[in-house]
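Below are the chains, spelled out letter by letter.
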Amino acid sequence: MSGAVERWWPRAAALGAVLGAWWLVCDVLAAGNPVLSRMGPWSTATALVELLGRRSTALDVAASLRRLLLGLLLAAAAGVPLGLLLGSRRRLEQATAPVVAVLRMTSPLAWAPLAVVLLGVGDAPVTALVAVAALWPVALGTAHAVRTLDPALLAVARSLGANRAETLGTVVLPALRPHVLSALRLALGIGWVVLVPAEMLGVDSGLGFAVLNARDQLDHPRLAATIVLIGAVGFLLDRLLNPPGAPGGDRAGAGTAARPAQAAAGG
């Protein structure tokens, strides 16, 4: 068996099993249900083809991606410096640990009413909620990476006469780059999950709005197709940020660069 076939046949088998279970539930077991019976694989595929042919779908995807990107940029701009500070100052990290734990464990969507009051409706509160959701994976992943940085690298920089700024720019940041990227990948997934319900808060575009619109119109095939589209776009974003074969990508690399971010996310 060739390498490509050996690598892809388990995935094809898993996909086939999922489609079979989906068909069994919606088209057989729930055939009398007025909602689920219209959300089977064939109905969804037909609706998805129609959905992809609409200009409004491209606009919704673009709106969601814009909000996600802005939220991630804000989270990175605040989270990386915060992680560097917490990771390099042990006493500060210990002092702020209870506050950080409470904030990290508070659902970003719990801030939604306050975000709407402070920022109004539109892109601003949605972007803010994504940023809040993505902040802690980035900050804690960066802090964990700083704590596990090889001391020999710092010793070499000091022996060569590097000052703090030079050490940060030439040693610390390059060493942390793969771990920060892994933390951003984790933040991307969390931000994407939060984005969809956040787009149900008074905006008139985006994939979250498209879900709400399909539900209100009782267009259940389009509702299922939009859900599939959200998952597909999320999968493509994950592959784009961390393609197979890259450090932290699927297969062997996943256990290396992803470990600091996952450890930090778990506390």
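Residues numbered from 1 in each chain as written. Predicted model: local features only at pLDDT ≥ 70, side-chain atom pairs only at ≥ 80, totals over all residues. Heavy atoms only, no water.

### Focus: the overall build of the protein
Point 1. What the protein contains, in helices and strands, is eleven helices and zero strands.
Point 2. In sequence order, the secondary structure elements of the protein are arranged as α-α-α-α-α-α-α-α-α-α-α.
Point 3. Looking at the protein as a whole, 37% of its 267 residues qualify as buried.
Point 4. The contacts of the protein with a sequence gap of at least 6 include a subset with a gap of at least 24, amounting to 71%.
Point 5. For the protein, the exposed surface amounts to about 14,700 Å²; the carbon and sulfur share of it is 70%. (Helix = DSSP H or I, 4+ residues; strand = E, 2+ residues; numbered from the N terminus. Buried < 20%, exposed > 50% of the residue type's maximum accessible area, 1.4 Å probe, protein only. Contact = heavy atoms within 4.5 Å. Areas by Shrake-Rupley, 256 points an atom, 1.4 Å probe, with all protein chains shown as cover.)

### Regarding the packing of helix α4 (residues 90-105) against helix α6 (residues 123-147)
When two helices pack together, their arrangement is given by the angle between their axes and by how far apart the axes lie.
Point 1. The geometry of α4 relative to α6 is characterised by a closest axis approach of 12 Å and an angle of 155° between their N-to-C directions. On the basis of their axis angle, the class for α4 and α6 is roughly antiparallel. α6 is crossed by α4, and the crossing has left-handed handedness. Between α4 and α6, the contacting residues are Arg90, Glu93, Val100, Leu103 and Arg104 on the first element and Trp136, Leu140, Ala143 and Arg147 on the second.
Point 2. Within the contact of α4 with α6, the residues separate by chemical class into five nonpolar, no polar and four charged. (Axes fitted to C-alpha atoms, helices over the stretch in contact; angles between N-to-C directions. Parallel < 35°, antiparallel > 145°, perpendicular 65-115°, else oblique. Left-handed = near helix turned anticlockwise from the far one by under 90°. Nonpolar A, V, L, I, M, F, W, Y, C, P; charged D, E, K, R; others polar.)

### A look at the nonpolar core
Point 1. Residues Leu68, Leu176, Trp192 and Leu229 are the most contacted members of the largest nonpolar core, which totals 42 residues.
Point 2. Those elements giving two or more residues to this core turn out to be α2 (41-52), α3 (55-88), α5 (112-119), α6, α8 (164-198), α9 (207-216) and α10 (220-241).
Point 3. It is α8 that contributes the most residues to this core, eleven residues altogether.
Point 4. If near-sequence neighbours (up to four positions away) are discounted, leucine 229 is found in contact with Leu48, Leu51, Leu52, Thr57, Val61 and Leu207.
Point 5. Counting residues in each nonpolar core, the second largest holds five residues, with Val100, Leu135, Trp136 and Leu140 among its members. (Core = buried A, V, L, I, M, F, W, Y, C linked by side-chain atoms within 4.5 Å.)

### As for α4
Point 1. Taking 1.5 Å of rise per residue, the 16 residues of α4 would be expected to cover 22 Å, and the 21 Å separating its terminal C-alpha atoms lies within 8% of that figure.
Point 2. At alanine 97, α4 shows its largest bend, some 55°, and a proline, proline 98, comes one to four positions later. (Expected span 1.5 Å × (residues − 1). Bend = angle between axes of the 7 residues up to and from the residue.)

### Some remarks on a nonpolar patch on the surface
Point 1. On the surface, a nonpolar cluster with roughly 720 Å² of combined accessible area is contributed by Val99, Leu103, Trp111, Leu114, Val117, Leu118, Leu119 and Val132.
Point 2. In terms of residue count, α5 provides more of the nonpolar patch than any other element does, four residues in total.
Point 3. Structurally, the position occupied by valine 132 is in helix α6.
Point 4. Residue class for valine 132 comes out partly exposed when judged on its relative accessible area of 32%. (Patch = residues over 30% accessible without salt bridge, like charges linked within 9 Å, V, L, I, M, F, W, Y side chains within 5 Å. Salt bridge = Lys/Arg side-chain N within 4 Å of Asp/Glu carboxyl O.)

Everything listed here is a matter of coordinates, which is why it stays silent on function.
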